[in-house]
Amino acid sequence: MTTPNRTTHIRLTSHPEPGTSTHRFPLRWGAATPKERGPVIGSVTNPADRNVIGAHGGAYSLYRALAISARAMNPLARPDLTNTHPTAGIGPHPSWFDPDRIVSLDPWGHMAGEVFAEEIASGVDIRPTIAVTKARLNVPEILAAMGAKRLSPDGTVLHASGDISVTKVAVDPVWHLPGIAQRFGVSDSVLRRTLFEQTGGMYPELVTRPDMNVFLPPIGGATVYIMGDVAALTDDKRRIACRVHDECNGSDVFGSDICTCRPYLMHGIEECVREAQTGGAGVIVYNRKEGRALGEVTKFLVYNARKRQEGGDQASTYFERTECVAGVQDARFQQLMPDVLHWLGIRRIDRLMSMSNMKHDALTESGIEIVERVPIPPELVPPDASVEIEAKKAAGYYTPDGAPDADGLAAVKGRDLEKF
Ligand SMILES: Nc1nc2c(ncn2[C@@H]2O[C@H](COP(=O)(O)OP(=O)(O)OP(=O)(O)O)[C@@H](O)[C@H]2O)c(=O)[nH]1
Ligand SMILES: [Zn+2]
């Protein structure tokens, strides 16, 4: 039965249609063609067409609800996709047709307007989950690198003004639940039930619709910045530099000196530009996983706990303090992270700007070869961030110069709260 979403009747959840085994638009994850795979339909303008759990826009679906509540937006509004198509061709790549290779995004997400043009024209509300556009970046660290003659403009990748020409890609998460469960080594039913319970019962269809196995989670996605020729990403003869970075708003945007996030990110951009200038390409993947996916409130609580503990902020208790507050040291679980690189068709990274063993292992275990790991240059570690970097080295992060021993670790101290 279909209940229009504009009645006063509230439908708490849906159930599989009795007597029918096939949806009008069934999803066959990893199928050989987009038509066989089927469109991801998460819009609420026609509930009968929906073939996924959740709604488009991740957390922004809540702002859409506010806009509609405030009568600023027509709830039946549909996007006019004229001229919104990608500025660069990405795929299809073989990885798109392996149901286990990509499980956390829709590989056809940027092409939805084209590959499902007929369905859209016939009135089905299909929306892109990926957008590909172009930009110029201008950041002070790159201007400084030019001033120090580490980079020179070439007029294509890097301009005399310091502008960097990039292709940038916004990716909303689309989770194929059986594949996500497999990555985390749990059963599909346990995963669905835990997602249902831990979101306070936000998505009842996780438990009432076993026939629907794709979920649009209310979380942030990723942005990819590509320097150089996009075609280089799938050309084995051309080199790729890459930094996979997890959001740290305090450092990335505001320059807080308690961690290495912005300096490492900027070093990553510099290396990407260099690789693009010599015929390869550079890739920055920026994941919205603030505070190791524990959120900024948790992170700031942790900062206080670190600074106020007996003996002050110490590298030896760096991870412990996060676990005390959050119940876990790190909730990023990098096993979904490689998906976006597989979506781009990347098979080898020549220079990976990361010391994280978790990122490295997730990438190599997913089949991406890593030729060289590039640690953050020591001179880029900000004053209060030695606690973080030494704790990471002791915990198994990549460090060609060796990790500190217990005494060395205990000696690394951060700034006291009174000194800010
Ligand atoms: N919860 C918590 N998060 C932190 C703390 N310090 C930094 N972070 C977060 O840790 C994450 C660091 O991510 P990245 O910069 O990608 O670094 P990484 O994965 O540790 O390793 P690299 O790739 O070597 O830089 C960001 O999400 C930060 O917001 C802390 O004390 N507690
Ligand atoms: Zn940080």
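Fair warning: this is a prediction, and the values are worked out from it, not measured in the lab.

Notes on the site of ligand 1
1) Next: The environment of ligand 1 is formed by 26 residues, the closest being R332, S354, M355, K359 and Y397.
2) Next: The contact in question runs from an oxygen atom of ligand 1 to an N or O atom on the backbone of D246, over 3.0 Å.
3) Next: In the model, an oxygen atom of ligand 1 is placed 2.9 Å from a nitrogen or oxygen of the E247 main chain.
4) Next: Protein chains bury 99% of the 660 Å² of accessible surface belonging to ligand 1 in isolation.
5) Next: Of all the secondary structure elements, the ones that give two or more residues to the shell around ligand 1 are β7 (240-246), α10 (261-277), α11 (290-293), α12 (296-308), α13 (318-326) and α16 (386-394).
6) Next: Among the elements that make up the shell around ligand 1, the one with the highest residue count is α12 (4 residues).

Looking at the nonpolar core
1) Next: V169, L233, V283, L341, W343 and L344 are the most contacted members of the largest nonpolar core, which has 42 residues in total.
2) Next: Contacts of V283, omitting those with residues within four sequence positions, involve V224, Y225, L233, I240, A241, C242, R243, C272, L341, L344 and I346.
3) Next: In terms of nonpolar packing, the next biggest core, distinct from the first, is built from 28 residues, L137, L151, L265 and V374 among them.

So, the coordination of the zinc ion (ligand 2)
Tetrahedral metal sites with four donors have an ideal angle of 109.5 degrees; octahedral sites with six donors have ideal angles of 90 or 180 degrees.
1) Next: In the first shell of the zinc ion (ligand 2), the protein supplies C248 (SG), C259 (SG) and C261 (SG), at 2.1 to 2.2 Å from the metal.
2) Next: Counting the intervening residues between successive donors of the zinc ion (ligand 2) yields the motif C-x10-C-x1-C. Here C248, found in the loop between β7 and α9 (249-252), pairs with C259, found in the loop between α9 and α10; they are 11 residues apart in sequence, far enough to count as distant.
3) Next: You can call C248 buried: its relative accessible area is 4%.
4) Next: Looking at C259, the relative accessible area reads 6%, which means it is buried.

Here's the deal with the UniProt feature "domain: GTP cyclohydrolase II" (unreviewed entry) in the chain
1) Next: Sequence positions flagged by UniProt for "domain: GTP cyclohydrolase II" (unreviewed entry) are, in local numbering, residues 227-375.
2) Next: Taken end to end, residues 227-375 is 41% helix and 17% strand, and its first and last C-alpha atoms sit 20 Å apart.

Quick look at the pattern of salt bridges
1) Next: Scanning all chains against the criterion turns up 30 salt bridges.
2) Next: With a closest N to O distance of 3.0 Å, E119 and K35 form a salt bridge. Of the two residues, E119 is situated in helix α4 (residues 117-121) and K35 in helix α1 (residues 34-37); the sequence distance between them amounts to 84 residues.
3) Next: A salt bridge links R332 to D246; its shortest N-O distance comes to 2.7 Å. In this pair, R332 sits in the loop between α13 and α14 (339-343) while D246 sits in strand β7, placing the two residues 86 residues apart along the sequence.
4) Next: On the accessibility criterion, R332 (12% relative accessible area) is buried.
5) Next: One network of salt bridges, in which partners are shared, links R150, E270, E271, R274, R351 and E372.

Quick notes on the sheet that holds β7
1) Next: Spatial strand order, β2-β3-β6-β8-β7-β9-β10: 7 strands in an open sheet with mixed pairing. The open sheet is flanked by β2 (130-137) and β10 (369-373), the only strands paired with a single partner. Neighbour-to-neighbour, the strand axes of the sheet open up by a mean angle of 25°, direction not taken into account.
2) Next: With 8 bridges joining them, β2 and strand β3 (residues 164-171) adopt antiparallel strand pairing. By the bridge assignment for β3, R136 is matched with S165.

Rules behind the numbers
- Residues numbered from 1 in each chain as written.
- Chains lettered and ligands numbered in written order.
- Predicted model: local features only at pLDDT ≥ 70, side-chain atom pairs only at ≥ 80, totals over all residues.
- Heavy atoms only, no water.
- Near = heavy atom within 4 Å.
- Polar contact = N/O pair within 3.5 Å; in protein donor to acceptor, adjacent residues only side chain to side chain.
- Areas by Shrake-Rupley, 256 points an atom, 1.4 Å probe, with all protein chains shown as cover.
- Helix = DSSP H or I, 4+ residues; strand = E, 2+ residues; numbered from the N terminus.
- Core = buried A, V, L, I, M, F, W, Y, C linked by side-chain atoms within 4.5 Å.
- Buried < 20%, exposed > 50% of the residue type's maximum accessible area, 1.4 Å probe, protein only.
- Contact = heavy atoms within 4.5 Å.
- Donors = N, O, S within 2.8 Å, 3.2 Å for Na, K, Ca; no water.
- UniProt positions renumbered as here; feature names shortened; annotations may be inferred.
- Salt bridge = Lys/Arg side-chain N within 4 Å of Asp/Glu carboxyl O.
- Pairing = 2+ DSSP bridges.
- Axes fitted to C-alpha atoms, helices over the stretch in contact; angles between N-to-C directions.

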